[in-house]
Structures are given as C-alpha cells and as structure tokens.
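# Analysis of the macromolecular model
These are the residues of each chain, in order.
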Amino acid sequence: MTTCAVVLLGLSTGTAAAPTPPAPTGRVVTLEYEFTVSGLRAFRAESHLRIDGDRYVVDAKFSKEGIVAALSATFNGSNRAWGTAGPQGLQPQGGWSWIQFRNNTRTWQVTYRGDGTYSEDHKPVFVPTDDKVVTPDQKRGAFDPMTAALSGALGGHAPCDRVYPIFDGKRRFDVTLRRVGIDRLKNGEVNGIVGEALVCEAVMKRIAGYEEQRMKPDAYEKSPPKLWFSALEGFERPLPVKMEMPTSFGTVQGKLKSFSVRPMTAQDRLAMEP
C-alpha cells in the first residue's frame with residue numbers, strides 16, 4: 001500500500017454534511033476509487049480534499065471489500081494530512097495514519113518542523129531492530145505518504161518526472177514518477193472522464209527500514225505500476241484517474257469511480273480543525 005499512497009493522492013472519507021450555505025471561498029474535492037485484483041472487487045478508497053485559501057486538509061480512508069475481504073485478514077486504514085500550499089510549494093504541518101490489521105491497530109503521527117525534520121508519535125510504541133533503523137538524516141526532507149501524494153497536486157508542479165521522498169513511520173523510500181506518454185481514455189473506461197490522460201510509471205527505491213533481502217530490486221522495478229492522470233472538471237490540477245500494478249497474485253487495477261468539486265461550507269471549515 002505504500003506505492004498506492006502516491007497513486008491515489010490521498011484517499012479519505014468523512015460523514016455527509018447537512019446542507020449549509022457555501023462559504024465565500026474554498027473548495028472541497030471528493031474522490032472515490034475502486035480497486036480490483038484479477039477482475040475481482042478488492043478495495044475501496046475515498047478522499048475529501050478541503051482547500052481554503054492557502055490551507056489544505058485531506059482525509060483518507062481505504063478498506064477491503066468483495067471476495068478479497070471475505071477470504072483474507074482484516075486490513076483497513078485512514079489518514080489525515082494538513083498544511084499550507086503557496087508559491088513556495090507545499091509546507092506541511094502535520095499528518096497521521098491509522099492502520100488495522102486483523103485485531104491489531106496502530107497509529108503514527110508527525111509534526112513537521114521548518115528545517116525538514118519532524119517529531120513522531122507511535123501507538124503502540126515502535127522500536128525498530130538494529131537492521132531496520134532509519135536515521136534522522138535519512139528522514140530529513142521526507143514526507144508522510146499522504147503529504148507526498150498531495151505535493152504532486154498542490155505543489156505547483158506536474159506530477160510526473162519527479163522524485164517523492166517518503167517515510168511511512170517504519171520505512172524510508174523514494175517513489176519516482178516518470179512520464180511514459182499520453183493515452184486517450186475511451187468512453188466509459190473511467191467514470192466521467194473522456195479524452196487524453198498523462199501516463200506515468202511509479203518506480204520505488206528502498207532506502208532504509210527494510211530487511212537486507214528486501215533491499216534488492218523486485219517485480220515493481222522490473223514492471224512498475226502505471227498511473228493515468230487527468231484534469232477533472234472544476235479542479236485545475238491533474239489527479240490520478242486510473243492505475244495498474246502487476247503483482248504475484250494478479251494485476252491490481254484501480255479506477256476513479258466518482259468525483260465532485262463544490263464550494264466549502266461552514267461545516268467543512270469545522271472539519272479542517274485539528
């Protein structure tokens with residue numbers, strides 16, 4: 001799921017708000033994705049990206065569904081990231097993630113400092129073994145997965161031909177999105193999207209926090225995931241609308257199932273508070 005974090009921009013959820021008058025400024029971008037494995041429904045992901053002036057907050061949630069949920073262990077998660085975005089790029093302030101695997105849950109929260117470092121809080125406490133330690137210098141300048149994903153959409157740059165430095169609380173790695181070309185999406189291929197899409201490959205380079213044998217190149221380097229980016233009506237930045245990732249148990253395919261862009265309400269502003 002670490003590569004998927006960049007793939008999906010940040011996948012979030014929130015409770016439906018009662019109708020309220022829209023605020024003078026601000027937008028809410030809601031995205032819903034559906035993932036299949038070898039054609040079988042596997043995962044669902046949602047996101048609410050709230051932008052108010054230079055402030056942003058994105059909430060994310062993913063969960064198993066379909067036959068994959070029925071036949072495999074519980075695996076769910078949610079994320080939040082917040083900060084400001086302006087002419088100088090993305091200035092993250094914080095982020096957290098919550099993961100449930102079987103009956104176990106863990107949380108990880110970061111607070112960013114101006115020098116590229118950050119404080120961390122793990123629950124339960126996480127103490128890496130000696131061979132999996134990630135040093136402070138290796139963490140410096142890296143983003144949590146959600147913030148890394150947002151940096152492509154809100155950082156003032158095209159999403160491809162960039163390196164995204166990521167630390168997920170345990171592992172430090174880079175994801176490089178490299179441009180492959182332009183593809184024309186067919187009518188009905190992605191809900192609500194017709195026309196040209198930018199296609200990129202996502203190549204992951206492991207840096208620290210892995211067992212020695214996991215540091216070697218694997219199938220992701222030989223046949224990296226592909227992402228399709230397209231602008232959506234009402235939002236000027238290209239967002240991921242389709243992805244394909246080969247795995248040992250079949251091809252994972254993700255598609256944008258629905259999206260909306262609407263003015264921000266007073267309730268949305270309350271939802272942006274910590």
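Residues numbered from 1 in each chain as written. Predicted model: local features only at pLDDT ≥ 70, side-chain atom pairs only at ≥ 80, totals over all residues. Heavy atoms only, no water.

### So, the pattern of salt bridges
- As enumerated under the stated definition, the model contains 15 salt bridges in all.
- The shortest N-O distance in the salt bridge between Glu34 and Lys257 comes to 3.8 Å. Of the two residues, Glu34 is situated in strand β1 (residues 22–37) and Lys257 in strand β13 (residues 250–265); the sequence distance between them amounts to 223 residues.
- We classify Glu34 as partly exposed; its relative accessible area is 28%.
- Ionic pairing is found between Arg171 and Asp168, a salt bridge with its closest N-O pair at 3.0 Å.
- With relative accessibility at 25%, the residue Arg171 sits in the partly exposed group.
- Three or more residues joined by partner-sharing salt bridges are found here, namely Arg50, Asp59, Arg80, Arg262 and Asp268. (Salt bridge = Lys/Arg side-chain N within 4 Å of Asp/Glu carboxyl O. Helix = DSSP H or I, 4+ residues; strand = E, 2+ residues; numbered from the N terminus. Buried < 20%, exposed > 50% of the residue type's maximum accessible area, 1.4 Å probe, protein only.)

### Looking at empty space enclosed by the protein
- By the definition in use, this model includes two cavities of 30 Å³ or more.
- Elements supplying a minimum of two residues to the lining of the second largest cavity: β5 (89–101) and β6 (104–112).
- For the lining of the second largest cavity, the element with the most residues is β5, which contributes three residues. (1 Å grid on protein atoms, 1.4 Å probe; cavity = no way out; pocket = protein on both sides within 12 Å on 5 of 7 lines; lining within 4 Å. Points joined across faces, edges and corners; volume = space filled by probe spheres on them.)

### Details of the environment of Gly181
- Mapped onto the secondary structure, Gly181 falls in strand β9 (residues 172–190).
- Along the primary structure Gly181 and Cys200 are separated by 19 residues, whereas in three dimensions their C-alpha atoms are 7.1 Å apart.
- Setting aside residues up to four positions removed in sequence, Gly181 forms contacts with Ala197, Leu198 and Val199. (Contact = heavy atoms within 4.5 Å.)

### Considering the state of the cysteines
- All chains considered together, the criterion is met by one disulfide.
- What pairs with Cys160 in a disulfide is Cys200, and their sulfur atoms sit 1.4 Å apart. Linking Cys160 and Cys200, the disulfide has an S-S dihedral of approximately 75° and is accordingly described as right-handed. Taken together, the residues span a long stretch of sequence, with Cys160 in the loop between α4 (145–154) and β8 (162–167) and Cys200 in strand β10 (residues 193–208) at a distance of 40 residues.
- What makes Cys160 buried here is its relative accessible area of 7%.
- Exposure remark for Cys200: the relative accessible area of 0% places this residue in the buried category. (Disulfide = S-S within 2.5 Å.)

### Notes on the confidence of the model for the protein
- Confidence along the protein averages 83 in pLDDT terms, with 85% of residues attaining 70 or more.
- Low pLDDT, under 50, characterises residues 1–24; the stretch is placed with 71 contacts to residues that sit more than four places away or in other chains. (pLDDT = per-residue confidence, 0-100.)

### Quick look at the environment of Met204
- Along the chain, the position of Met204 falls in strand β10.
- On a C-alpha basis, the gap between Met204 and Pro224 in space is 8.2 Å, while along the polypeptide they are 20 residues apart.

### Quick word on the environment of Ala197
- Assignment of secondary structure puts Ala197 in strand β10.
- Ala197 sits in the buried class, given a relative accessible area of 1%.
- For the pair Ala197 and Arg184, spaced 13 residues apart in sequence, the C-alpha to C-alpha distance is 6.0 Å.
- Excluding its chain neighbours within four sequence positions, the residues that come into contact with Ala197 are Gly181, Ile182, Asp183, Leu185, Trp228, Phe229 and Ser230.

### With respect to the side chain of Thr147
- Among the secondary structure elements, Thr147 is positioned in helix α4.
- Setting aside its immediate chain neighbours within four residues, Thr147 contacts Tyr56, Ala81, Leu90, Pro92 and Tyr112.

### Quick word on the nonpolar core
- If you look at the biggest cluster of nonpolar residues, it comprises 59 residues, and the most contacted ones within it are Leu49, Leu150, Leu154, Leu177 and Val241.
- With residues near it in sequence (within four places) discarded, Leu154 still touches Leu49, Ile51, Tyr56, Ala85, Leu90 and Phe235.
- Counting residues in hydrophobic clusters, the runner-up holds five residues, among them Val57, Trp82, Met264 and Met272. (Core = buried A, V, L, I, M, F, W, Y, C linked by side-chain atoms within 4.5 Å.)

### Looking at the packing of aromatic side chains
- Enumeration over the complete set of coordinates arrives at three aromatic pairs.
- On the numbers, 5.2 Å between centres and 65° between planes, the contact of Tyr112 with Tyr118 is edge-to-face.
- Taking the relative accessible area as the measure of exposure, Tyr118 reaches 9% and is therefore buried.
- With 6.1 Å between their ring centres and 80° between their planes, Tyr112 and Phe143 make a pair best called edge-to-face. Of this pair, Tyr112 sits in strand β6 while Phe143 sits in the loop between α3 (136–139) and α4, and the two are 31 residues apart along the sequence.
- One aromatic cluster is present, formed by Tyr112, Tyr118 and Phe143 through successive ring pairs.
- Above the face of the Tyr210 ring, Arg206 is positioned so that its terminal group lies 5.6 Å from the ring centre.
- In this structure, Lys242 is placed above the aromatic ring of Trp228, and the distance from its NZ or CZ to the ring centre is 4.4 Å. (Phe/Tyr/Trp six-rings, centres within 6.5 Å; stacked < 30°, edge-to-face > 60°. Lys NZ or Arg CZ within 6 Å of the ring centre and 35° of its normal.)

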